[in-house]
Amino acid sequence: MATLELQGIRKSFGTVPVLHGIDLHVAEGEFIVIVGASGCGKSTLLRIVAGLETATEGSVLIGGADVTRLEPKDRDIAMVFQNYALYPHMSVFDNMAYGLRIRGLPRAEIEERVRRTAEMLGLGELLRRKPRELSGGQRQRVAMGRAIVREPKLFLFDEPLSNLDAKLRVQMRAEIKRLQRRLGVTSLYVTHDQVEAMTLGDRLVVMNGGRAEQVATPMEVWREPANIYVAGFIGAPAMNFLHGRLCSEGDAVDLRAGCAIALAAPPAGVKNAEVTVGIRPEHVRICGTGAVGAIPLKVDLVEPLGAESLIHGILPSGEELTVRTNDCSPLAGTTLPIVLPAEHLHLFGEDGRRLRLAHARNAAARVRAGA
Amino acid sequence: MRKKVIFPQVGLPYLLLLPQLAITFVFFFLPAAQAIWFSFLRQDAFGIRTEFVGLENFVELFADPLYRDSIWITFVFSLSVAALAMSVALGLAVLADRHIRGAAAYKTLLIWPYAIAPAVAAVLWIFIFHPQVGLLGRFLNGIGVAWDYKLNGTQALIAVIVASAWKQVSYNFLFFLAGLQSIPRSVLEAAAIDGASPARRFWTVVFPLLSPTTFFLLVINLTYAFFDTFGVIDALTKGGPAKATTTLIYRAYIDGRVNLDLGSSSAQSVVLMLAVIALTAVQFRFIERKVHY
């Protein structure tokens, strides 16, 4: 158990920069998930923490000690790889004991620790097996076991669940979370899967193009995404983005789609400017025909998911909008009147950054029809 | 898993096999059968009289102390060639596997010796080993080591071993490099994180994972040293001095082509044939069983 600190981590491969200065402070026992699309630099960041890559600039501190120049073996970390990276010629026992033997632990202690860890992971019966005789889920467990048995200061996970089938992935996800809680080891977990990110992380680092776009708890990221990228990346189906214009008083936004929505409080210091209006599909309300301020949505495609349906439609402005509803599914080709509740709007300025709004939750939304 | 293809006609599969079988028959079974037949005969040097002598050729062969020497020399020679060629190749492959500058050029250069004819290779090595004109020969004599592979049997054996191994390094290098590159990088990284030093990683992870390649190459190298080194030996030492480098294959050639003792030469060929069959059998057996991990 230890803290982890990243200070201004930059990395370039040749002349191509992949990380543009990452700062992160991880508290003891915290579970941090680094999430981003492929190529955003998240795996590189993890490998820099592991010591498998060297940072071009910046430093890595584990437990307060600068380990930037240290080899992986001197950092007291353990890593779980995407393809498990088990030693194919060794039994499960030997796989787990490898690191302990190198550290020169007494035979009895190695035996004891491996058995205890194997029991904890339900691998007790499999210790004599070779990796190729195991299923994907079992291999995954062995890889976890190999990390746990070492009792390291820091766990690193590099997309450990992406090679498993969907059902097993959900199961292992819960298991990893439980284990991490129980062991209380500081963890860094890289994934491209936002569900994994939301469910596992105490805090998320949302990365894009080598930058940490937002570092916050999962709910904060979901409720108040720092910019358009984060807003679009976290949440499924993705947030809708519409063109709008903040009126000259700054207290209402005119949508290109055809109506103006009054804001409870204007964003600080921004008036009379083009903005991007974001709203999550689950926040769009379908209302009765003739409701004040309703926008007609031409239904293009309906995807029933069982408990709910996704409605993909086109607004009068030609912009696309997705609605998530547990309503009985309307038919494609019909027109639905919808309302965008002001308290659920996200406003992003021209630079893509979130404009802070002071929502008064119960303020009656003043609506100027037509605009 | 073998896939079974069903042919409607009985003749077609045989027809498709025919070209391959015909080639094998004409170029292997026929001469092999002839060799076996000749090994039971004795012929005078002018080919006028031939008589059937049964196994006498074989009995004489194994009673001949020079032939037993030859077996021993072949044994030492083959194992040394295999060991030298493989260890050097493995070392070079490990170096080439790292991301080095100009890796492509390095690899190409290493593969060259394989494309050189044995006789040419031998001439090349003469320019190295020759006591008066060779680089190494002159150097050794210069520092007071009495080096003359044409007089000293041990030195001659060393010379043919080095020259033969050199030619085989390229081949081994290619296989070892491919073997190394098929080891997942993450497995090595996992070992590094587990605390293993580079040397320990090599002996506990890399080398065991290379074992199928190593075993395959061992058989191939032994076969090479047994049968394909004739050219090198002939050009460098001609089996001498005092038969110190006369391997089984070289002796079969001398007895058959130079001494015109067809019966004995055929018997020797049959012995060699049995040896290669044994080696191949071992190889197939283990490759089939996959001595992996």
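Residues numbered from 1 in each chain as written. Chains lettered and ligands numbered in written order. Predicted model: local features only at pLDDT ≥ 70, side-chain atom pairs only at ≥ 80, totals over all residues.

Now, about the overall build of chain A: what can you tell me, with residues and values included?
Along the backbone of chain A there are eight helices and 21 strands. Of all intrachain contacts in chain A linking residues separated by at least 6 positions in sequence, the fraction that spans at least 24 positions is 65%. (Helix = DSSP H or I, 4+ residues; strand = E, 2+ residues; numbered from the N terminus. Contact = placed C-beta atoms within 7 Å.)

Hey, could you go over the overall build of chain B for me, with residue numbers and the actual values?
Helix and strand content of chain B: 13 helices and two strands. Principal axes of the C-alpha set define a box for chain B whose edges measure 75 × 75 × 30 Å. Buried positions account for 30% of the 293 residues belonging to chain B. In chain B, 68% of the contacts between residues at least 6 apart in sequence involve partners at least 24 apart. (Buried ≥ 20, exposed ≤ 12 C-beta atoms within 10 Å, placed from the backbone.)

Hey, could you go over the sheet that holds strand β4 (residues 57-62) of chain A for me, with residue numbers and the actual values?
In a beta sheet, neighbouring strands pair by backbone hydrogen bonds and run either parallel or antiparallel. Residue and element names in this part refer to chain A. Strand order in the open sheet formed by four strands is β2-β1-β4-β5, with antiparallel pairing between adjacent strands. If you trace the sheet from one side to the other, it starts and ends with β2 (16-26) and β5 (65-66), each paired once. Sheet topology places strand β1 (residues 4-13) next to β2; eight bridges connect them, and they run antiparallel. Of the residues in β2, the one forming a bridge with Lys 11 is Leu 19. (Pairing = 2+ DSSP bridges.)

Summarise the pairing of strand β18 (residues 320-325) of chain A; cite the residues concerned and give the values.
All names here are of chain A. Inspection of the sheet shows strand β17 (residues 309-314) paired to β18 by six bridges, in the antiparallel sense. If you follow Gly 313 over to β18, its bridge partner there is Leu 321. Counted between consecutive antiparallel strands, the loop separating β17 from β18 contains five residues, among which Gly 318 sits at a positive phi close to 90°.

Please give an account of the interface of chain B and chain A that cites residues and values.
Frequently, the measure chosen for interface size is the accessible area removed from exposure when the parts meet. The interface is formed by 15 residues belonging to chain B together with 17 residues belonging to chain A. The element that contributes the greatest number of residues to the side of chain B that touches chain A is helix α8 (residues 185-193) of chain B, accounting for six residues. For the side of chain B that touches chain A, the class distribution of residues is 10 nonpolar, two polar and three charged. (Nonpolar A, V, L, I, M, F, W, Y, C, P; charged D, E, K, R; others polar.)

Let's hear about the domain arrangement of chain A: which residues, and what values?
Residue and element names in this part refer to chain A. What the domain assignment reports for chain A is domain 1 (4-230) and domain 2 (239-368). Contacts between the two partners involve six residues from domain 1 and, on the opposite side, seven residues from domain 2. Residues that form the side of domain 1 that touches domain 2 fall into these classes: four nonpolar, one polar and one charged. (Domains from an automatic or database assignment.)

Lay out the nonpolar core with the relevant residues and their values.
One finds A:Ile34, A:Met79 and A:Leu156 to be the most contacted residues of the largest nonpolar core, which totals 151 residues. Broken down by element, this core gets its largest block of residues, 11 residues, from helix α7 (residues 153-181) of chain B. Per-domain counts for this core show at least three residues from each of domain 1 (4-230) and domain 2 (239-368) of chain A. If we ignore the near neighbours within four places in the chain, the residues touching A:Leu156 are A:Leu46, A:Val49, A:Ala50, A:Ile77, A:Met79 and A:Leu188. Core analysis: the second largest hydrophobic core is formed by seven residues, B:Phe38, B:Leu262, B:Ala267 and B:Val270 among them. (Core = buried A, V, L, I, M, F, W, Y, C linked by C-beta atoms within 7 Å.)

Summarise the environment of B:Pro184; cite the residues concerned and give the values.
Along the chain, the position of B:Pro184 falls in the loop between α7 and α8. With sequence-adjacent residues up to four places away left out, B:Pro184 is seen in contact with A:Asn83 and A:Ala85.

Pulling in residues and values, what's your account of the packing of α7(B) against helix α10 (residues 211-227) of chain B?
All names here are of chain B. Interaxial distance between α7 and α10 falls to 11 Å at its minimum, and their mutual angle equals 160°. Classed by the angle they form, the pair α7 and α10 counts as roughly antiparallel. Handedness of the α7/α10 crossing: right-handed. Along the contact surface, α7 presents Ser 164, Gln 168, Asn 172, Phe 175, Phe 176 and Gly 179, while α10 presents Thr 213, Leu 217, Asn 221, Tyr 224 and Ala 225. (Axes fitted to C-alpha atoms, helices over the stretch in contact; angles between N-to-C directions. Parallel < 35°, antiparallel > 145°, perpendicular 65-115°, else oblique. Left-handed = near helix turned anticlockwise from the far one by under 90°.)

Residues and numbers for helix α1 (residues 11-38) of chain B, please.
All names here are of chain B. For α1, spanning 28 residues, the distance from its first C-alpha to its last is only 35 Å, which falls clearly below the expected 40 Å at 1.5 Å a residue. The sharpest bend along α1 reaches about 45° and sits at Leu 18, with the proline Pro 19 one to four residues further on. In terms of residue burial, α1 counts as a barely covered element, since only two of its 28 residues are buried. (Expected span 1.5 Å × (residues − 1). Bend = angle between axes of the 7 residues up to and from the residue.)

If you had to explain the confidence of the model for chain A to someone new, which residues and values would you point to?
Put simply, chain A has an average pLDDT of 87, and 95% of its residues get 70 or more. Within chain A, no element has a lower average pLDDT than strand β21 (residues 367-368) of chain A, which sits at 37, and none a higher one than strand β3 (residues 31-35) of chain A, at 94. (pLDDT = per-residue confidence, 0-100.)

Please give an account of the sheet that holds strand β19 (residues 335-339) of chain A that cites residues and values.
All names here are of chain A. Ordered in space as β15-β19-β16-β17-β18, the five strands form an open sheet in which the pairing is antiparallel. Looking at which strands have only one partner, the edges of the open sheet turn out to be β15 (285-286) and β18. In this sheet, β19 lies alongside strand β16 (residues 295-304) in antiparallel orientation, the contact comprising four bridges. The partner of Pro 296 across the bridge, within β19, is Pro 337.

Describe in detail the confidence of the model for chain B, supporting the description with residues and values.
When pLDDT is averaged along chain B, the result is 83; 94% of the residues meet or exceed 70. Ranking the elements of chain B by mean pLDDT puts strand β2 (residues 50-52) of chain B last, at 76, and α8(B) first, at 91.

Describe unusual backbone geometry, with residues and values.
All names here are of chain A. Of the consecutive residues Ala 236 and Pro 237, the connecting peptide bond is found in the cis state with omega at -5°. Relative to the assigned elements, Pro 237 resides in the loop between α8 (228-233) and β11 (240-246). Notably, Tyr 84 is not glycine yet its phi reads approximately 70°, a positive angle. Relative to the helices and strands, Tyr 84 resides in the loop between β6 (77-80) and α2 (92-102). Overall, the presence of 24 C-beta atoms within 10 Å leaves Tyr 84 in the buried class. If you check the backbone angles, Glu 159 has positive phi at about 45° while not being a glycine. You can see Glu 159 is positioned in the loop between β7 (154-158) and α5 (166-183).

An account of the environment of B:Lys243 is requested, with residue identities and associated values reported.
Residue and element names in this part refer to chain B. Examined against the element boundaries, Lys 243 turns out to sit in the loop between α11 (230-236) and α12 (248-258). In this structure, the C-alpha to C-alpha distance between Lys 243 and Gly 134, residues 109 residues apart in sequence, is 23 Å. Ignoring any residue separated from it by four or fewer positions in sequence, one finds Lys 243 in contact with Leu 66 and Asp 69.

Lay out the pairing of β4(A) in plain terms, naming residues and giving numbers.
All names here are of chain A. Sheet analysis places β1 next to β4, joined by five bridges and oriented antiparallel. Counted as the bridge partner of Arg 10 is Glu 57 from β4. Both β4 and β5 contribute to a ladder of two bridges, which runs antiparallel. Residue Leu 61 lies in a different strand from β5, and its bridge partner there is Asp 66.

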